[in-house]
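Now for the letters of each chain:
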Amino acid sequence: MSLFNVYPLNPIAITKAEGSRVWDDKGQAYLDMYGGHAVISIGHTHPHWVKRIEDQLHAIAFYSNSVIMPIQDELATALNEISGKKDYQLFLCNSGAEANENALKLASFHTGRKKVVAFKKAFHGRTSLAVAATDNPSIVAPVNETNNIIFLPFNDLAALQSCFTEQGNEIAAVIIEGIQGVAGIHEASVAFLQAIRKVCDDFGAVYIADSVQCGYGRSGQFFAHDHAGVNADIYSMAKGMGNGFPIGGILIAPHIQAKFGMLGTTFGGNPMACAAALAVIEVMQKENLIKASEEKGNYLIHALKNTSGVKTVRGRGLMIGFEMEEGLEEVRKVLLNDLKIFTGEAKLNVIRLLPSLAISMDDIKLFLTGLNKAIQQMKQKAT
Ligand SMILES: Cc1ncc(COP(=O)(O)O)c(C=O)c1O
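First, a word on scope: everything that follows refers to the structure included in this document. (Residues numbered from 1 in each chain as written. Predicted model: local features only at pLDDT ≥ 70, side-chain atom pairs only at ≥ 80, totals over all residues. Heavy atoms only, no water.)

Scanning the protein chain from N- to C-terminus turns up eleven helices and 17 strands. Scaling as 2.2 N^0.38, a compact globule of 383 residues should have a C-alpha radius of gyration of about 21 Å, and the protein chain matches this with 21 Å. C-alpha extents for the protein chain along the principal axes are approximately 65 × 55 × 45 Å. Contacts spanning at least 24 positions in sequence make up 73% of the contacts within the protein chain whose residues lie at least 6 apart. (Helix = DSSP H or I, 4+ residues; strand = E, 2+ residues; numbered from the N terminus. Rg over C-alpha atoms; globule rule 2.2 N^0.38 Å. Contact = heavy atoms within 4.5 Å.)

Here it is as structure tokens:
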């Protein structure tokens, strides 16, 4: 049987990983500036994370959500503390799409309304409502098409205001990434996030902060949306939450009330995933990784801005996108094939950096040296 062929693959088989390194099946090491698509938050196979999961495996791997699982409460408390969202409630699931799906559904239950405001170029996942709120018709199946999503231009205050003036009483939620990832690293402005908070308050809508990629400390704050100084009603999380162990979740403001049966899942909140997520938070606290992300990100952004051949640099903390000057668009391929450095990509020739928050300064410098080498190599070829 063959695999269903939906991913354009790099012809590299990764079989081992540690910290910010991965190795292929031939023993070749690669520097991982991509973090397996923003998933690796505390470093590949971190010893504390491995031990926590191992210990949990020996105790109990799974039971259904029909019984009390103390480790879920432990995770909720740890999340309240690290996120600063003290009295928020936690619902656990398995992925980013599921987190957004549950967030949108909950907003609709809470308000009794159907309309959702999402933004141009947004990516929220591939489940039914999440994909409908994703601005990419090529991944929206006919069955997912709905008139309930209103796409507005990103960071456009006037468009937001006039949409709410016209149909605010029908809008259940506004969903927004703090930093758009797939779109090519575009940050929501402070004024825009504050305006979203205000229109949601004025019209009784729910502000959903999609923190799947930009959250979990990557931006230098626990949630990238926190840079605006206003709270969302629901934060969706996944990627960095388990450092590679599948887990997602939503943090829900106290005014949104639960009702039995409203949301549910078989695997969400299983003890293995909770153990992995607790290990991530413990390491983030012990190694001060949120602050580290801010500092290392500032260093990297500054260095990239001063690299000849780099046209534009965007982002915050360790969520960075940069574009190369004309003729250097293929630099990402040179980095991977010749210099053995993984990076990510995003729309319109953007190279995305999403390394582990625990990446060392030596590895950051190694990346910058590699980038300069790749640029020189390409410039020489062109002459
Ligand atoms: C902002 C954002 N939301 C949601 C998702 C979907 O997450 P998942 O692939 O875990 O379903 C992604 C994935 O890239 C994302 O970047």
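Before going further, it helps to examine the site of the ligand. Around the ligand, the surrounding shell holds 13 residues, and the nearest of these are G96, A97, D210, Q213 and K239. Between the ligand and A97, the relevant distance is 2.8 Å, taken from an oxygen atom to a main-chain nitrogen or oxygen of the residue. One of the backbone N or O atoms of F123 is found 3.5 Å from a nitrogen atom in the ligand. Residue contributions to the shell around the ligand peak at three residues, all from helix α4 (residues 96-111). (Near = heavy atom within 4 Å. Polar contact = N/O pair within 3.5 Å; in protein donor to acceptor, adjacent residues only side chain to side chain.)

All of the buried residues in helix α6 (residues 157-167) are A159, L160, C163 and F164. The arc that holds the buried residues of α6, viewed along the axis, is 130°, so those residues lie on one side. For α6, the exposed residues lying more than 90 degrees away from the buried face are A158, T165 and E166. Close packing links the buried residues of α6 with β5 (115-119), β6 (149-152), β7 (171-177) and α7 (190-203). (Buried < 20%, exposed > 50% of the residue type's maximum accessible area, 1.4 Å probe, protein only. Arc of directions from axis to C-beta.)

On to the sheet that holds strand β11 (residues 234-237). Within the open sheet, the seven strands sit side by side as β4-β12-β11-β10-β7-β5-β6. Their pairing is mixed. With partners counted over all chains shown, the strands left at the sheet margins are β4 (89-93) and β6, one partner each. Each neighbouring strand pair of the sheet contributes to a mean axis angle of 20°, computed without reference to strand direction. Pairing between β11 and strand β12 (residues 248-252): four bridges, direction antiparallel. Along β12, the bridge assignment pairs S236 with I250. Sheet strands in contact with helix α3 (residues 70-83) are β4, β11 and β12, and its direction is about 120° off that of β4. (Pairing = 2+ DSSP bridges. Axes fitted to C-alpha atoms, helices over the stretch in contact; angles between N-to-C directions.)

Packing of α6 against α7 brings their axes to within 10 Å, and their N-to-C directions diverge by 5°. For the element pair α6 / α7, the angle class is roughly parallel. Where α6 abuts α7, its residues L157, L160, Q161, F164 and T165 lie against A191, F192, A195, I196, V199 and F203. Of the residues in the contact of α6 with α7, the class split is nine nonpolar, two polar and no charged. (Parallel < 35°, antiparallel > 145°, perpendicular 65-115°, else oblique. Nonpolar A, V, L, I, M, F, W, Y, C, P; charged D, E, K, R; others polar.)

So, about the packing of aromatic side chains. Under the counting rule described, the total for this entry stands at ten aromatic pairs. Taken together, a centroid distance of 6.3 Å and an interplanar angle of 70° make the contact between F119 and F154 edge-to-face. Of this pair, F119 sits in strand β5 while F154 sits in the loop between β6 and α6, and the two are 35 residues apart along the sequence. The class of F119 is buried, set by a relative accessible area of 1%. Through a chain of ring-to-ring contacts, the aromatic side chains of Y88, Y216, F222, F223 and Y235 assemble into a single cluster. Stacked on the ring of W23, the Lys or Arg K16 has its end atom at 4.5 Å from the ring centre. (Phe/Tyr/Trp six-rings, centres within 6.5 Å; stacked < 30°, edge-to-face > 60°. Lys NZ or Arg CZ within 6 Å of the ring centre and 35° of its normal.)

The tally for this structure, following the rule as stated, stands at 15 salt bridges. Connected through shared salt-bridge partners, R52, E74 and E282 make up one network. (Salt bridge = Lys/Arg side-chain N within 4 Å of Asp/Glu carboxyl O.)

Taken in spatial order, the four strands line up as β1-β2-β3-β15 in an open sheet, and their pairing is mixed. Bordering the open sheet on either side are β1 (14-18) and β15 (341-342), each of which pairs with just one other strand. Note that strand β2 (residues 21-24) and strand β3 (residues 29-32) share three bridges and pair antiparallel. Looking across to β3, one finds that V22 is bridged to Y30.

One way to put it is that α3 packs onto helix α8 (residues 271-286) with a least axis distance of 9 Å and a crossing angle of 30°. Relative to α8, the element α3 is oriented roughly parallel. For the crossing formed where α3 meets α8, the hand is left-handed. Across the interface between the two elements, I71, Q72, E74, L75, A78, L79, E81 and I82 from α3 touch P271, C274, A275, A277, L278, I281, M284 and Q285 from α8. Split by residue class, the contact of α3 with α8 holds twelve nonpolar, two polar and two charged. (Left-handed = near helix turned anticlockwise from the far one by under 90°.)

With that settled, the discussion passes to the nonpolar core. In terms of nonpolar packing, the biggest core is built from 85 residues, with L79, F119, I196, L300, L304, F322 and F367 touching the most fellow members. Examining the composition of this core, we find that twelve residues originate from one element, α8, more than from any other. The residues touching L79, leaving out its near neighbours within four places in the chain, are G84, L90, Y216, F222, M237, M241, L251 and I281. Counting 22 residues, the second-largest nonpolar core is a separate cluster that includes C93, L104, I250 and I256. (Core = buried A, V, L, I, M, F, W, Y, C linked by side-chain atoms within 4.5 Å.)

Once that is clear, we can look at helix α9 (residues 289-305). In this model α9 runs 24 Å from its N-terminal to its C-terminal C-alpha over 17 residues, within 8% of the 24 Å that 1.5 Å per residue would give. Considered for burial, the residues of α9 that qualify are L289, I290, A292, S293, K296, G297, L300, I301, A303 and L304. Projected down its long axis, α9 shows its buried positions confined to an angular sector of 160°, all on one face. Those residues of α9 that are exposed and aimed more than 90 degrees away from the buried face are H302 and K305. Considering only its buried residues, α9 is in contact with α3, α8, β13 (310-316), β14 (319-324), β17 (350-353) and α11 (361-382). (Expected span 1.5 Å × (residues − 1).)

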